[in-house]
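Listed below, chain by chain, are the residues.
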Amino acid sequence: MTIRKLLPVILLMLPVLAACSSNPPMPTPSPTAQGTPEPLSPDEEAALHAARAFLVAWEARDASALTALLSGRWLEGSGREWVETFGGTVTLKAIGLRIDRSRPAAPGAVLFGVELEVTPAGANTPWNSGVNSRVIQVEREGGTWKVAGVGG
């Protein structure tokens, strides 16, 4: 058989071979299946700003900025001691911050989940070396958003 006689057969077979060898198209996930994030309210935006400022001050080891960002209620409790020791960390870097609507927050408070890369100050701290997940509670105090706690 010559090439001229095989050419029409080859040309007819190409679409069939291409259809057999191709992978089926993957379905495009719908936004509702993945869950579109709910936009932040103005209060949540303001609370997020306070949480970010708190993390920046903590990373910079700026005690006066940290103190200014803490709620009076936390400062009256363990907040002042916490600032003096910077929560038992030698170094800290925030690597993720997001609103946490999965847990109930007190009225007038917003919770944020955060991942922190930490070098602990010693063995008797609440931190592990490496990535630690925590929750930052931010609450409105006299019209200003303040950090009211950092917990596990």
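Residues numbered from 1 in each chain as written. Predicted model: local features only at pLDDT ≥ 70, side-chain atom pairs only at ≥ 80, totals over all residues. Heavy atoms only, no water.

**Overview of the overall build of the protein chain**
(1) Moving on: Within the protein chain one finds 5 helices and 4 strands.
(2) Moving on: Taken from N to C terminus, the helices and strands of the protein chain fall in the order α-α-α-α-α-β-β-β-β.
(3) Moving on: For the protein chain, restricting intrachain contacts to residue pairs at least 6 apart in sequence, the fraction spanning at least 24 positions comes to 53%.
(4) Moving on: Surface accessibility of the protein chain: about 9900 Å² in total, with carbon and sulfur atoms responsible for 60%. (Helix = DSSP H or I, 4+ residues; strand = E, 2+ residues; numbered from the N terminus. Contact = heavy atoms within 4.5 Å. Areas by Shrake-Rupley, 256 points an atom, 1.4 Å probe, with all protein chains shown as cover.)

**A closer look at the sheet that holds strand E1 (residues 89-99)**
(1) Moving on: In space, the 4 strands of this open sheet follow the order E1-E2-E3-E4, with antiparallel pairing throughout. With one partner strand each, in any of the chains shown, E1 and strand E4 (144-151) form the two edges of the open sheet. Strand-to-strand twist in this sheet, taken as the mean axis angle between neighbours without regard to direction, amounts to 35°.
(2) Moving on: Pairing of strand E3 (residues 130-141) with E4, which is carried by 7 bridges, proceeds in the antiparallel orientation. When the bridges of E4 are listed, Arg140 appears paired with Trp145. (Pairing = 2+ DSSP bridges. Axes fitted to C-alpha atoms, helices over the stretch in contact; angles between N-to-C directions.)

**Here's the deal with helix H3 (residues 42-60)**
(1) Moving on: Taking 1.5 Å per residue, 19 residues should reach 27 Å; H3 reaches 27 Å between its end C-alpha atoms and fits that length.
(2) Moving on: Within H3, burial applies to Glu44, Ala47, Leu48, Ala50, Ala51, Phe54, Leu55, Ala57 and Trp58.
(3) Moving on: Downstream of H3 by a residue or two, Arg61 has a phi angle that is positive, lying close to 60°. (Expected span 1.5 Å × (residues − 1). Buried < 20%, exposed > 50% of the residue type's maximum accessible area, 1.4 Å probe, protein only.)

**A short note on the confidence of the model for the protein chain**
(1) Moving on: Looking at the protein chain as a whole, its pLDDT mean stands at 79, while 72% of the residues score no less than 70.
(2) Moving on: Confidence, read as mean pLDDT per element, is least for helix H2 (residues 31-34) in the protein chain (43) and greatest for H3 (95).
(3) Moving on: Counting contacts from residues 14-33, a segment whose pLDDT is below 50, to residues more than four positions away or on other chains yields 2 contacts. (pLDDT = per-residue confidence, 0-100.)

**Focus on the packing of aromatic side chains**
To describe a pair of aromatic rings, you give the distance between the ring centres and the angle between the ring planes.
(1) Moving on: Within the structure shown, the criterion is met by 2 aromatic pairs.
(2) Moving on: Residues Phe54 and Trp58 carry aromatic rings whose centres are separated by 5.6 Å and whose planes lie at 55° to one another, so their mutual orientation is tilted. Residue Phe54 and its partner Trp58 are located together in helix H3, separated by 4 residues, close to a single helical turn. Of the two residues examined, Phe54 and Trp58, each falls in the buried class.
(3) Moving on: Taken together, a centroid distance of 5.6 Å and an interplanar angle of 65° make the contact between Trp58 and Trp127 edge-to-face. With Trp58 in helix H3 and Trp127 in the loop between strand E2 (109-120) and E3, the pair connects residues that are 69 residues apart, well separated along the chain.
(4) Moving on: Three or more aromatic residues joined by ring pairs form one cluster here, namely Phe54, Trp58 and Trp127.
(5) Moving on: Here the guanidinium or amino end of Arg134 rests over the ring plane of Trp127, the centre of that ring lying 4.2 Å away. (Phe/Tyr/Trp six-rings, centres within 6.5 Å; stacked < 30°, edge-to-face > 60°. Lys NZ or Arg CZ within 6 Å of the ring centre and 35° of its normal.)

**Quick look at the nonpolar core**
(1) Moving on: Counting 25 residues, the largest nonpolar core has Phe54, Trp58, Leu116 and Val138 as its most contacted members.
(2) Moving on: Among the secondary structure elements, those contributing two or more residues to this core are H3, helix H4 (63-69), helix H5 (72-85), E2, E3 and E4.
(3) Moving on: Here this core takes 8 residues from H3, the largest share from any one element. (Core = buried A, V, L, I, M, F, W, Y, C linked by side-chain atoms within 4.5 Å.)

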